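# Working through the structure, step by step
Here's the letter readout for the chains.
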Amino acid sequence: MFLEKLLALKLKKNNFYIMRYLKFIESRTSLVGHKHHILPKAKDFFPEFRNLKEHNWNLKILTTREHFIAHKLLNLAFPGSSQ
């Protein structure tokens, strides 16, 4: 998977939390809520994909709770990052 490979490039250990994050993101079906960048737009991640009009594949709509969980999973996968 394209997203898995890009995220794995940033991870120096195992990809357990990347897989949990991607599985979580793929299972979400919200139509109303917060815009979430699947690949984080932080400068130490993927700022090149921050424009969602240009890279609409990098957008997922999440509820407030889902958005919190997504960022928690990213934090577990990439501790100490600015995502």
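First, a word on what this report is: a plain description of the structure on this page. (Residues numbered from 1 in each chain as written. Predicted model: local features only at pLDDT ≥ 70, side-chain atom pairs only at ≥ 80, totals over all residues. Heavy atoms only, no water.)

### Notes on helix H2 (residues 16-27)
Quick reminder of the rule: By the criteria applied, helices consist of DSSP H or I runs no shorter than four residues and strands consist of E runs no shorter than two, each listed in order from the N terminus. To estimate how far a helix should extend, the number of its residues minus one is multiplied by 1.5 Å. Classification of residues uses two cut-offs on accessible area relative to the type maximum, computed with a 1.4 Å probe and protein chains only: under 20% is buried, over 50% is exposed, and between them is partly exposed. Each direction from the helix axis to a C-beta atom contributes to the arc, which is the arc of those directions.
With 12 residues, H2 should reach 16 Å at 1.5 Å per residue; the first-to-last C-alpha distance of 17 Å fits that figure. What H2 keeps buried is the set Ile 18, Tyr 21, Leu 22, Phe 24 and Ile 25. Down the axis of H2, the smallest arc covering the buried residues is 160°, so these residues share one side.

### Notes on the packing of H2 against helix H3 (residues 64-77)
To keep things clear, this is the line we draw: As a rule, the C-alpha atoms of each element are fitted with a line to give its axis, helices using only the stretch in contact, and angles between N-to-C directions run from 0 to 180 degrees. Orientation labels follow simple angle bins: below 35 degrees gives roughly parallel, above 145 gives roughly antiparallel, 65 to 115 gives roughly perpendicular, and whatever is left gives oblique. In this scheme the handedness of a crossing depends on how the near helix is turned from the far one: anticlockwise by less than a right angle means left-handed, clockwise means right-handed. Any two residues having at least one pair of non-hydrogen atoms within 4.5 Å are treated as being in contact. Throughout, the ten residues Ala, Val, Leu, Ile, Met, Phe, Trp, Tyr, Cys and Pro are labelled nonpolar, Asp, Glu, Lys and Arg are labelled charged, and all others, Gly among them, are labelled polar.
Interaxial distance between H2 and H3 falls to 8 Å at its minimum, and their mutual angle equals 160°. Judged on the interaxial angle alone, H3 and H2 are roughly antiparallel. In the packing of H2 onto H3, the handedness of the crossing is left-handed. Judged by residue contacts, Tyr 17, Ile 18, Arg 20, Tyr 21, Phe 24 and Ile 25 of H2 engage Glu 66, Ile 69, Ala 70, Leu 73, Leu 74, Leu 76 and Ala 77 from H3. Split by residue class, the contact of H2 with H3 holds 11 nonpolar, no polar and two charged.

### Focus on the side chain of Asn 58
Mapped onto the elements of the fold, Asn 58 is located in the loop between strand E1 (34-37) and strand E2 (59-62). If near-sequence neighbours (up to four positions away) are discounted, Asn 58 is found in contact with His 36, His 37, Ile 38, Leu 39, Phe 49 and Leu 52.

### Section: the packing of aromatic side chains
Aromatic ring pairs: the centre-centre distance and the angle between the two ring planes describe each pair. Put simply, the test is: The criterion for an aromatic pair is that two Phe, Tyr or Trp rings (for Trp, the six-membered ring) have centres within 6.5 Å, with stacked assigned to planes under 30 degrees apart, edge-to-face to planes over 60 apart and tilted to the rest.
Enumeration according to the criterion identifies five aromatic pairs in this entry. When the centroid spacing of 6.3 Å and the interplanar angle of 45° are considered together, the rings of Phe 45 and Phe 46 count as tilted. Judged by relative accessible area, Phe 46 falls into the buried class, the value being 3%. Through a chain of ring-to-ring contacts, three or more aromatic side chains come together here, namely Phe 45, Phe 46, Phe 49, Trp 57 and Phe 78.

### Remarks on the pattern of salt bridges
The test is simple: Criterion for a salt bridge: a side-chain nitrogen of Lys or Arg within 4 Å of a carboxyl oxygen of Asp or Glu.
Summed over the entire model, instances satisfying the criterion amount to one salt bridge. Between Glu 66 and Arg 28 there is a salt bridge, with the nearest N and O atoms lying 3.2 Å from each other. With a gap of 38 residues between them, Glu 66 in helix H3 and Arg 28 in the loop between H2 and E1 connect regions that are remote in the sequence. With relative accessibility at 11%, the residue Glu 66 sits in the buried group. You can call Arg 28 partly exposed: its relative accessible area is 23%.

Function cannot be read off these values alone, since they describe shape.
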